[in-house]
Amino acid sequence: MTPRIARALRFLAPRPSLRPDAVRTPRRTGAPHDRRTAVRTMVLAALAAALAVPFATVPAEAAHRPPRTGFELSDGARWTGQPEEQSFLAAVDRGSDRVSVDRIGTTEEGRPLQLVRIGGHRPTSNTMLLICSQHGNEPSGREACLSTVRDLAFAEDRATRDFLSRTRVLVLPTANPDGRAANTRGNADGVDINRDHIALETAEGRAMAAVIRDRRPDVIYDLHEYGATPPYYDKDLFVLWPRNPNVSDRVHEASQTLSDRYVRTAATAAGFSSGLYGIWTDPVTGDPIKQTAGDGQERILRNTSGIKHAVGLLIESRVDALTDEEKADHALNQRRRVRSQQAALDGLFAFTGQQRGRIEAATTASRLAGFADRGPVHLGGADNDPAEPDEILQDPPCGYRLDAAQYADVRDELALHGVTSRREGDGAYVPLRQSARALIPLLLDERATYHLTNGQADTAC
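Please read all numbers here as calculations on a predicted model, not as lab measurements.

How each quantity is defined
- Residues numbered from 1 in each chain as written.
- Predicted model: local features only at pLDDT ≥ 70, side-chain atom pairs only at ≥ 80, totals over all residues.
- Heavy atoms only, no water.
- Disulfide = S-S within 2.5 Å.
- Helix = DSSP H or I, 4+ residues; strand = E, 2+ residues; numbered from the N terminus.
- Buried < 20%, exposed > 50% of the residue type's maximum accessible area, 1.4 Å probe, protein only.
- Phe/Tyr/Trp six-rings, centres within 6.5 Å; stacked < 30°, edge-to-face > 60°.
- Lys NZ or Arg CZ within 6 Å of the ring centre and 35° of its normal.
- Pairing = 2+ DSSP bridges.
- Axes fitted to C-alpha atoms, helices over the stretch in contact; angles between N-to-C directions.
- Contact = heavy atoms within 4.5 Å.
- Parallel < 35°, antiparallel > 145°, perpendicular 65-115°, else oblique.
- Left-handed = near helix turned anticlockwise from the far one by under 90°.
- Nonpolar A, V, L, I, M, F, W, Y, C, P; charged D, E, K, R; others polar.
- Salt bridge = Lys/Arg side-chain N within 4 Å of Asp/Glu carboxyl O.

S.K.: For this particular structure, what's the right way to read the state of the cysteines?
M.R.: Working definition of a disulfide: a covalent bond connecting the sulfur atoms of two cysteines. One pass over the full model with this rule turns up two disulfides. Two residues, Cys132 and Cys145, share a disulfide whose sulfurs are 2.0 Å apart. Judged by the sign of its S-S torsion, about -90 degrees, the cystine formed by Cys132 and Cys145 is left-handed. In this pair, Cys132 is assigned in strand β3 (residues 126–132) and Cys145 in helix α5 (residues 140–154), connecting sequence segments 13 residues apart. The exposure class of Cys132 is buried, given its relative accessible area of 0%. Each sulfur of the disulfide joining Cys398 and Cys461 lies 1.2 Å from the other. On the sign convention where negative is left-handed, the bridge of Cys398 and Cys461, at about -80 degrees about the S-S bond, is left-handed.

This is how it looks when you write it as structure tokens:
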């Protein structure tokens, strides 16, 4: 962290006069994003990410010179390879006493799923979780995550140390190692991991579910990339919060604040345009034309995160070249994509530092709400697409009964989701009065689109 951090935080703090939807898209001339690198350095909004300490200032003879990624060593000409990532993380772990690296799973092809923990040793620490590159052919978020891990690990300034004393940063740098190795969207079995956060059929999905259950992150940030459709859908960055209607109001509001007042503001300050994921807009008026993605589907991590009580955000950087220079030089294109992800991370870290109390209040209230066992549960819909009457359980059951075969089939998945059940005869009973109340009908009600099994609804209570 540099001494400029205080000025950066003041610059990027939410200001009533600045509305992201009113910010004009910067004009693109020449090679704008290379020239904006200096601008980004001047407006860092992170308390702990994307640090501006240039490696040229570290003496070559230093005994513990911070490691660099393959992407950095090649100046963006190639992505960091998996063996390089392993060596990089091992070097960070050895060189910093605030970092630990754990293996949380193994992919179909035998590659490790590694979770990095940085700071947050106090019992009351706020926890954030970065999920990087669930889709293997979307690597820029992974590179931003790797450099962020290193920067947090080796920063020595007071602001970073204070932030990390109160914040536990968890990073899954490569959520889909097999897909990254093959440069494919899906994993080794061709499964889209970001559609597996309900069924939990993949090793990758199960590992992430266990982390969310055990570490109880207050913020979950999911890094992706997208292909543009000019002129209707071609911003440098798209973002979107959890839209599932089962997300608590306070978590939903905090997620929108993270999106609109921090991440998009940080991106704009760094010279990148931004918009809402899945929404095509008129290039002249900026009015929405149609929605092509970004619904409330519960099996997508963005929505699962909110249902599981975390403030969440999806971030998507633009893959397509912006200029003729980028078309001619793929390293230029790749550097721009990574820098846009880093700019967005600036906003995330500023939000976490400045809104700590609000975040913890929202996530705690959400976790406790299920014990009150009040209110409807939605089986469909989104915050911008009201559920149909037959998609709303206005008076949800007290719980669901599972016979022996059903329980044997879904017991592990329920446990990974953090759902509590009790044995009843040869089967089990899953009460709704628990923290996971809003999730349970999505897993066990036969009317839910992605349910695991048809539980017998218990209405005699």
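The discussion continues.
S.K.: How do you make sense of the packing of aromatic side chains when you look at a structure like this?
M.R.: Evaluated as defined, the whole model comprises seven aromatic pairs. When the ring of Tyr232 is compared with that of Trp280, the centres are 5.6 Å apart and the planes differ by 0 degrees; the resulting orientation is stacked. Of the two residues, Tyr232 is situated in the loop between β5 (219–226) and β6 (237–240) and Trp280 in strand β8 (residues 279–281); the sequence distance between them amounts to 48 residues. Using a relative accessible area of 34% as the deciding quantity, one classes Tyr232 as partly exposed. Where Tyr233 meets Phe238, the ring centres are 4.2 Å apart and the plane angle is 15 degrees; that geometry is what we call stacked. Residue classification places Phe238 among the buried residues on the basis of a relative accessible area of 3%. Connected via pairs of aromatic rings, a cluster forms that spans Tyr226, Tyr233 and Phe238. Positioned above the aromatic ring of Trp280, the side-chain terminus of Lys290 is 4.2 Å from the ring centre.

S.K.: Would you mind showing me how to read the sheet that holds strand β16 (residues 456–458) here?
M.R.: Where strands meet in a sheet, backbone hydrogen bonds hold them as pairs that are either parallel or antiparallel. A sheet is described by the order of its strands in space; here four strands give the open sequence β14-β15-β13-β16, paired in antiparallel fashion. The strands lining the two open edges of the sheet, one partner per strand, are β14 (422–424) and β16. Taken pair by pair, the neighbouring strands of this sheet meet at an average axis angle of 35 degrees, ignoring direction. In this structure, β14 lies alongside strand β15 (residues 427–431), joined through three bridges in antiparallel fashion.

S.K.: Help me out: how do you make sense of the sheet that holds strand β1 (residues 99–106) in this one?
M.R.: Reading across from one edge, β1-β2-β4-β3-β5-β10-β6-β7 is the order of the eight strands in this open sheet, with mixed pairing throughout. In the strand order of this sheet, the two ends are held by β1 and β7 (274–276), each with one partner. If you compare each strand with its neighbour and ignore which way they point, the axes differ by 20 degrees on average. In the packing of helix α9 (residues 249–269) onto the sheet, contacts are made with β5, β6, β7 and β10 (311–318), and the angle to β10 comes to roughly 30 degrees.

S.K.: Help me out: how do you make sense of the packing of α5 against helix α12 (residues 330–354) in this one?
M.R.: Angle between the axes and distance between the axes are the two parameters that describe a pair of packed helices. Running from N to C, α5 and α12 point in directions that differ by 55 degrees, and their axes come no closer than 8 Å. Put simply, α5 runs oblique to α12. For the pair α5 and α12, the crossing hand works out as right-handed. Within the contact between the two elements, α5 uses Ser140, Gly141, Glu143, Ala144, Ser147, Thr148 and Leu152 and α12 uses Arg337, Val338, Gln341, Gln342, Leu345 and Phe349. Looking at the contact of α5 with α12, its residues break down into five nonpolar, six polar and two charged.

S.K.: Is there a simple way to think about the pattern of salt bridges in this case?
M.R.: A side chain with one charge may pair with a side chain of the opposite charge, provided their charged atoms come close. Applying the stated criterion across every chain yields a total of 23 salt bridges. A salt bridge links Glu413 to Arg206, with the shortest nitrogen-to-oxygen separation between them at 2.9 Å. Within this pair, whereas Glu413 is found in helix α14 (residues 404–416), its partner Arg206 is found in helix α8 (residues 203–215), the two being separated by 207 residues in sequence. Where Arg337 meets Glu225, a salt bridge forms, and the shortest distance between an N and an O atom there is 2.8 Å. Linking Arg337 in helix α12 with Glu225 in strand β5, this pair joins segments that are 112 residues apart in sequence. As far as the burial class goes, Arg337 and Glu225 line up, both buried. A single network of salt bridges, built from pairs that share partners, joins Glu138, Arg185, Asp192 and Arg195.

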